[in-house]
Amino acid sequence: MERHSQTNDSPESRRVLEGQLRESFGKVVYSHKTHEKCADILLDRLSTIKIWQIVLSAITTGGFVSAFFGAGEVGAGFGVLVSTSLLVLNAYTKNYDLGELAQKHKQSANDIWLIREKYLSLITDLAIGEKPLEALQEERDSLVEELHAVYVGAPSTTFQAYRKAQEALKHNEDMTFSDDEIDAFLPKELKRG
């Protein structure tokens, strides 16, 4: 006996799919923003480290120059302490490439952004109601696979970055725009106001 797949394309089935898509969309929005915030945090940390490397190098040089010109053991001892601090900082940056890690977070955020926009389009298609439920489910399954592929290669995020993402999305409304803000980007033929 041959079985044909029958999809229950009822309003209830569409409502259930919409619930799942909305939840997935929310998770992807947070993931995208968290990777962006991880990249920002790492780049800020890298900038701070670079400044300290310059400062410590200058102090080390000053300490050894002063020792050379007669500051004696105090100048030399100070130079050794600062030089050791600089060595530790340089070893940290050698073993932990913050710039490369920030770039990986940025790439992950870019890849997730595209998937986020696809989820938004899928929710829109569902709301329009012209595509059959089975086609929408296939697109959903494809997006899950795409997202998995991105997550496999993405670096881990941090709680600090998640909190910053939460702040940006909930309080700074990073993902929302008023009609006036959108109208400012559109030609007059497409404006609502």
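Residues numbered from 1 in each chain as written. Predicted model: local features only at pLDDT ≥ 70, side-chain atom pairs only at ≥ 80, totals over all residues. Heavy atoms only, no water.

### Quick notes on the nonpolar core
Among the nonpolar cores identified, the biggest contains 17 residues, and L17, L21, I115 and Y119 are the most heavily contacted of them. Among the elements that take part in this core, helix α2 (residues 98–128) stands out by supplying 6 residues, more than any other. Ignoring any residue separated from it by four or fewer positions in sequence, one finds L17 in contact with L126, L133, L136, Q137 and R140. L42, V82, L86 and L98 belong to the second-largest nonpolar core, a separate cluster that totals 8 residues. (Core = buried A, V, L, I, M, F, W, Y, C linked by side-chain atoms within 4.5 Å. Buried < 20%, exposed > 50% of the residue type's maximum accessible area, 1.4 Å probe, protein only. Helix = DSSP H or I, 4+ residues; strand = E, 2+ residues; numbered from the N terminus. Contact = heavy atoms within 4.5 Å.)

### As for helix α4 (residues 159–170)
The end-to-end C-alpha distance of α4, which contains 12 residues, comes to 16 Å, matching closely the 16 Å that a straight helix rising 1.5 Å per residue would cover. Where α4 is concerned, the buried positions are A161, A165, Q166, A168 and L169. Each buried residue of α4 lies within a common arc of 165° when the element is viewed along its axis, so the set occupies one face. Across α4 from its buried face, at more than 90 degrees, point the exposed residues F159 and K170. (Expected span 1.5 Å × (residues − 1). Arc of directions from axis to C-beta.)

### Some words on the environment of G79
Within the secondary structure, G79 is located in helix α1 (residues 11–95). Residue G79 is classed as buried on the basis of its relative accessible area, which comes to 0%.

### Examining a nonpolar patch on the surface
A cluster of nonpolar residues, I51, W52, V55, I59 and F78, forms a patch on the protein surface that exposes about 470 Å² of accessible area. For I51, the location among the structural elements is in helix α1. Among the residues examined, I51 registers a relative accessible area of 52% and is labelled exposed. (Patch = residues over 30% accessible without salt bridge, like charges linked within 9 Å, V, L, I, M, F, W, Y side chains within 5 Å. Areas by Shrake-Rupley, 256 points an atom, 1.4 Å probe, with all protein chains shown as cover. Salt bridge = Lys/Arg side-chain N within 4 Å of Asp/Glu carboxyl O.)

### Structural notes on the pattern of salt bridges
According to the stated counting rule, one finds 10 salt bridges in the structure shown. Between R15 and E12 there is a salt bridge, and its shortest N-O distance comes to 2.7 Å. Taken together, the residues span about one helical turn, with R15 and E12 both in helix α1 at a distance of 3 residues. Sharing partners across several salt bridges, the network here consists of D125, K131 and E139.

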